[in-house]
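As a plain string of letters, each chain reads:
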Amino acid sequence: MLTSICGINWGDEGKGRMVDLLSRDFDVVCRYQGGNNAGHTVINDKGRFILNLLPSGILREDVVNVMGPGMVIDLKHLCGEIQKLREGGIAVSPENLKISDKAIITMPYNVLQDIMEEDRLTKATGKPYGSTRRGIAPVYADKYMKKAFRMGELLNTELLYKRLPDIVEWKNMTIKAYGFNPVTVEEMVAYFEEYGKPLAKYVTDTGVYLNNANAQGKNIMFEAQLGALRDIDYGIVPYTSSSSTIAAYAPIGAGVPNLKLSNSIGIMKAYSSCVGAGPFTCEYFGDKAEKLRDLGGEYGAATGRPRRVGPFDVVASRYGIRCQGADEIALTKLDVLDSYEEIEICTHYTLNGKVIDEFPFTDVLDECKPVFEKVKGWNCDLSHCRTVDDLPKEALDYIRLLEKLCGCKISYVSVGAERDAYIKMR
Ligand code: GDP
Ligand code: MG
């Protein structure tokens, strides 16, 4: 079985914890896009872990984790992440971690480029893209320019170091144009030696591995970073990531374009949050925002940035579900709404008095106004609920209403960050 788990909204839906929960039924967990620009927080019996690059299955002993060709990998960051896990008592070895030889390496100069461009944009327009400044957009650009390095090159550094000087020269043309000091070949060699060499033992053809695993009847899960609205093609461009966060891309990004997904599970939050700049139509401001942000602990896992928040957005979520081809939904963080007497839902937008209920083009989105409707809250603690029967009527009504408005069944509901704090709906 090949299952994809993906975000329906702007990211930070709680994919990490859901993958951690659901991964017990899977033998293999794959990351297929993105880099260390996003973060998953997973809390289990060993502690609290933030994963930026590694698949969440790394926290389960018997799961094999794959980092696919669709990813961009910051070598230093990955070394650090592996180190932190080891300190927390988690084993990482070539047995449980397989990195695609075709995955792209994020270089230190890509990080520099990201910073230079965000700073230039801020100065020139006052409107930066809200990048996490981890080099993701520049390294994906290098990939499509065919100037990037791939993980497989770490297995033959002699060839790699022959290719390096010309690429450094090419990159320095850009760096100098920004008025920054050029990087040197020696610095890049030192980087590969210190952070690339220790990772070489994990590098393999993940396509071969995954096809074999599939042929043996293993259950394979594809785990996305970020959500549908951050997709490079379908999201709120340019306030998106630079990769495809869409479930349909999972087989390609993991190394198995020949295989088809069996099902797609969408992770959707019981309210809305959005990190960084860009249109966020259902946004709350002032006290309303502060209350929800604090209740939900909405501060970025990768950056600590306070996230923008708002009520559940039907227009955006329905679009997200369509983009992800979601067969079912895991609804997260329902407990965050425990203390509300009344809960607002953004049912649609308006534009010049016209109802907008299909998620519009980014420029149009900026002009849209949210329309909020109120439903009765449950106003009690859900964190102990473990079955449908434990749920108060109003909470069940809220879940059923979201199902109806979004046209997709909700199979799981989470009521706390801990591994067992969830309800299986059917
Ligand atoms: P991801 O990027 O989609 O994996 O999500 P993040 O890890 O960035 O953000 C989700 C946050 O919500 C994390 O801090 C989780 O520990 C926390 N979380 C996940 N599920 C629940 C839940 O059901 N209730 C509460 N209160 N917190 C949750
Ligand atoms: Mg996150």
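Residues numbered from 1 in each chain as written. Chains lettered and ligands numbered in written order. Predicted model: local features only at pLDDT ≥ 70, side-chain atom pairs only at ≥ 80, totals over all residues. Heavy atoms only, no water.

Novice: Sorry, what's going on with helix H3 (residues 108-125) here?
Specialist: An α-helical turn contains 3.6 residues, so any two residues separated by three or four positions project in the same direction. Taking 1.5 Å per residue, 18 residues should reach 26 Å; H3 reaches 26 Å between its end C-alpha atoms and fits that length. Within H3, the full set of buried residues consists of Tyr109, Asn110, Val111, Leu112, Gln113, Asp114, Met116, Glu118 and Leu121. Against the buried residues of H3 lie strand S6 (72-74), strand S8 (104-106), helix H4 (136-145), strand S9 (149-150), helix H5 (157-177) and helix H6 (185-196). Once H3 ends, the next one or two residues include Gly126, with phi positive near 70°. (Helix = DSSP H or I, 4+ residues; strand = E, 2+ residues; numbered from the N terminus. Expected span 1.5 Å × (residues − 1). Buried < 20%, exposed > 50% of the residue type's maximum accessible area, 1.4 Å probe, protein only. Contact = heavy atoms within 4.5 Å.)

Novice: In this structure, what is going on with the layout of surface pockets? I would like to understand it.
Specialist: To find leftover empty space, a probe the size of one water molecule is rolled over the atoms. The calculated volume of the largest pocket comes to roughly 710 Å³. Gly130, Ser131, Thr132, Thr240 and Ser241 are the residues nearest the centre of the largest pocket, which is lined by 39 residues in total. Listing elements by their share of the lining of the largest pocket, those giving two or more residues are H3 and H4. In terms of residue count, the dominant contributor to the lining of the largest pocket is H3 (four residues). Looking at the lining of the largest pocket residue by residue, the class counts come to 16 nonpolar, 14 polar and nine charged. Lining the second largest pocket are 31 residues, with Thr41, Gly296, Arg307, Lys333 and Ala417 sitting closest to its centre. Ranked by the residues each element gives to the lining of the second largest pocket, the list is headed by strand S3 (residues 40-44), at four residues. Here the lining of the second largest pocket is built from residues that sort into 10 nonpolar, 12 polar and nine charged. (1 Å grid on protein atoms, 1.4 Å probe; cavity = no way out; pocket = protein on both sides within 12 Å on 5 of 7 lines; lining within 4 Å. Points joined across faces, edges and corners; volume = space filled by probe spheres on them. Nonpolar A, V, L, I, M, F, W, Y, C, P; charged D, E, K, R; others polar.)

Novice: Hey, could you run me through the sheet that holds strand S11 (residues 220-227) in this one?
Specialist: The strands that make up a sheet are held in pairs by hydrogen bonds between backbone atoms, and each pair lies either parallel or antiparallel. On the basis of which strands lie adjacent, the open sheet formed by 10 strands has the order S10-S7-S5-S2-S11-S1-S12-S16-S20-S21 and mixed pairing. Where the open sheet ends on each side, the last strands, each with one partner, are strand S10 (203-204) and strand S21 (422-424). Bridge analysis of strand S1 (residues 2-7) against S11 gives five bridges, and the strand direction is parallel. Along S11, the bridge assignment pairs Gly7 with Gly227. (Pairing = 2+ DSSP bridges.)

Novice: Looking at this structure, how should I read the pattern of salt bridges?
Specialist: For side chains of opposite charge, pairing can occur when their charged atoms come near one another. A full pass over the atoms with the stated rule returns 21 salt bridges. Here Glu153 makes a salt bridge to Arg163, at a shortest N to O gap of 2.9 Å. Of the two residues, Glu153 is situated in the loop between S9 and H5 and Arg163 in helix H5; the sequence distance between them amounts to 10 residues. For Glu153, a relative accessible area of 18% gives the class buried. Its relative accessible area of 31% is what places Arg163 among the partly exposed residues. The partner of Arg307 in a salt bridge is Glu298, and the shortest N-O contact between them spans 2.7 Å. In this structure, Arg307 and Glu298 share a single accessibility class: buried. Within this structure, Asp12, Lys269, Glu298, Arg307 and Lys333 form a network of salt bridges that share partners. (Salt bridge = Lys/Arg side-chain N within 4 Å of Asp/Glu carboxyl O.)

Novice: What's the story with the nonpolar core in this structure? I'm lost.
Specialist: Side chains of nonpolar character tend, in soluble globular proteins, to be buried together. If you look at the biggest cluster of nonpolar residues, it comprises 42 residues, and the most contacted ones within it are Ile73, Leu75 and Met151. Listed by contribution, the elements that provide at least two residues to this core are strand S4 (47-51), helix H2 (75-87), strand S7 (97-100), H3, H5 and H6. (Core = buried A, V, L, I, M, F, W, Y, C linked by side-chain atoms within 4.5 Å.)

Novice: Would you mind showing me how to read the site of ligand 1 here?
Specialist: Around ligand 1, the structure places 17 residues, and the nearest of them are Lys15, Gly16, His40, Asp335 and Ser414. Here an oxygen atom of ligand 1 sits 2.8 Å away from a polar atom, N or O, in the main chain of Thr41. In the environment of ligand 1, an oxygen atom lies 3.0 Å from a nitrogen or oxygen atom belonging to the side chain of Arg307. Contributions of two or more residues to the shell around ligand 1 are made by helix H1 (15-22) and S3. For the shell around ligand 1, the leading source of residues is H1, giving three residues. Looking at the shell around ligand 1 residue by residue, the classes come out as three nonpolar, seven polar and seven charged. (Near = heavy atom within 4 Å. Polar contact = N/O pair within 3.5 Å; in protein donor to acceptor, adjacent residues only side chain to side chain.)

Novice: Would you mind going over the packing of aromatic side chains with me for this structure?
Specialist: Aromatic ring pairs are defined here through the distance separating the ring centres and the angle between the ring planes. Under the criterion given, the structure shown has 11 aromatic pairs. On the basis of an interplanar angle of 75° and a centroid distance of 5.8 Å, the ring pair of Tyr284 and Phe372 is categorised as edge-to-face. One end of the pair, Tyr284, is in the loop between strand S13 (272-274) and helix H9 (286-296); the other, Phe372, is in strand S19 (residues 369-376), and 88 residues separate them in sequence. Using a relative accessible area of 8% as the deciding quantity, one classes Tyr284 as buried. Given a relative accessible area of 26%, Phe372 falls into the partly exposed group. (Phe/Tyr/Trp six-rings, centres within 6.5 Å; stacked < 30°, edge-to-face > 60°.)

Geometric values such as these leave the question of function open.
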